[in-house]
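Each chain, letter by letter, is given below.
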Amino acid sequence: MTQPEYILTLSCLDQRGIVHRVSGFLAEHGCNIIDSAQFGDAESNLFFMRVHFALEDGAVSDAGLRGGFAAMCAPMQMTWQLHDARAKPRVMLMVSKIGHCLNDLLFRYKSGLLPVEIPAIVSNHMDFYQLAASYNIPFHHLPLATGADEAAKLAQEAKVLELMANHRVDLVVLARYMQILSPGLCEAMAGKAINIHHSFLPSFKGAKPYAQAHRRGVKLIGATAHFVTGDLDEGPIIEQDVERVDHAMTAETLTAIGRDVECVVLARAVKWFVEHRILQNGDKTVVFK
């Protein structure tokens, strides 16, 4: 019988003996550590840890493991989570009319490169319903008219929240979903929604950022994946990457290169999230790669 595997993530005030106590607890409860990573932040005085382990003692139950660890953590005031390492998180994708990130994530999912379940794709446009159907994933069209008032926007977002609840969604990915989310929806998604944008922000705001960058003769273009917060495009950064460009490239070439970077950066961020490698540290993140 296959041994159950877990991923433990935790954070607490930095102090002596944390690694010793955690590893000792696991050893005493019949667990074998597969890999472990930790980081102490001198600025916040917080300690972060991720441990992937197998439970080898069949006499130790899941409930017993969790209860024992909770009792050990309480005096140290740890924030912790214990995940089934083999469970595939449920991810809902949201998109508007630009589909490169959606297409990339779906390919990685179908080919087994992204260990997730995708129960729903949500869009305010109909452009990608056939793409969703080709992967046998339900497509939910939630239109929002240009200039829609607040009541209409909140009604549309209520349907998004309903889908999240009905499908038991662990993560929402804004794969170029071009709508500003309300503070209420951002709060409901806190810590479980990832967005992707070009790294030109805030230098090149508004429409056609790559065309703006081309006019300014930029030499680097890139993308940033971050958690969604009520502050537009200012949530904790998870991953970034760049590509060099030059004067001989057209705005269309920059756009193509930029979209490739966006796909890679977003895919990394999603994969790290579902592998429980990202821990929030105030306005920043700790990522155990």
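The following paragraphs examine the structure supplied in this document. Predicted, not measured: the structure shown is a model, and the values here were computed from it. Throughout this document, residue positions are counted from 1 along each chain, in the order its sequence is written. Confidence filtering applies because this is a predicted model: local features only for residues at pLDDT of at least 70, side-chain atom pairs given and counted only at 80 or more, and all residues used for totals across whole chains, interfaces and linings. As a rule here, side-chain values come from all non-hydrogen atoms in the structure, and water together with hydrogens is ignored.

## Quick look at the side chain of H198
Working step 1: Tracing the backbone through its elements, the reader meets H198 in strand β9 (residues 193–198).
Working step 2: Think of it in three bands: residues with accessible area under 20% of the maximum for their type are buried, residues over 50% are exposed, and the middle band is partly exposed, with areas taken using a 1.4 Å probe on protein chains only. Given the relative accessible area of 10%, H198 is considered buried.
Working step 3: Note on definitions: a residue-residue contact is assigned when non-hydrogen atoms from the two residues lie within 4.5 Å. Apart from residues no more than four positions distant in its own chain, H198 is found in contact with F204, P209, Y210, G222, A223 and E262. Going along the chain from the N terminus, every DSSP run of H or I of four or more residues is numbered as a helix, and every run of E of two or more is numbered as a strand.

## Thoughts on the pairing of strand β10 (residues 220–227)
Working step 1: Most of β10 is tucked away: 7 of the 8 residues are buried.
Working step 2: A strand pair is defined by DSSP finding two or more bridges across the two strands. Alignment of β9 against β10, held across 5 bridges, turns out to be antiparallel. Directly across from I194, in β10, lies its bridge partner F227.
Working step 3: Summarising the sheet, β10 and strand β11 (residues 237–244) pair through 7 bridges and their orientation is antiparallel. Paired with I221 across the two strands is E243, which belongs to β11.

## What to know about the nonpolar core
Buried together is how nonpolar side chains tend to be arranged in soluble globular proteins.
Working step 1: What makes a nonpolar core is a set of buried Ala, Val, Leu, Ile, Met, Phe, Trp, Tyr and Cys residues whose side-chain atoms join them at distances within 4.5 Å. Core analysis: the biggest nonpolar cluster contains 37 residues, and L93, L105, L106, I121, V173, I194 and L266 have the highest contact counts within it.
Working step 2: Top contributing element to this core by residue count: helix α8 (residues 251–274), with 10 residues.
Working step 3: If we ignore the near neighbours within four places in the chain, the residues touching V173 are V91, M92, L93, M94, L105, I194, L266 and V270.
Working step 4: Counting residues in each nonpolar core, the second largest holds 22 residues, with C31, V51, C73 and L82 among its members.

## With respect to the pattern of salt bridges
A side chain of one charge can pair with a side chain of the opposite charge when the charged atoms of the two come close.
Working step 1: Here, a salt bridge means any side-chain nitrogen of Lys or Arg that lies within 4 Å of a carboxyl oxygen of Asp or Glu. One pass over the structure, following the stated rule, counts 11 salt bridges.
Working step 2: Note that R86 and E5 form a salt bridge whose closest N and O atoms lie 3.1 Å from each other. Of this pair, R86 sits in the loop between β4 (79–84) and β5 (90–95) while E5 sits in strand β1 (residues 5–13), placing them 81 residues apart in sequence.
Working step 3: Notably, a salt bridge pairs R108 with D104, separated by 2.6 Å at the nearest N-O pair. With R108 and D104 both in helix α3 (residues 100–110) and 4 residues apart, this pair spans about one turn of that helix.
Working step 4: Among the residues examined, R108 registers a relative accessible area of 24% and is labelled partly exposed.
Working step 5: Among the charged side chains, a salt-bridge network with shared partners connects E239, D241 and R268.

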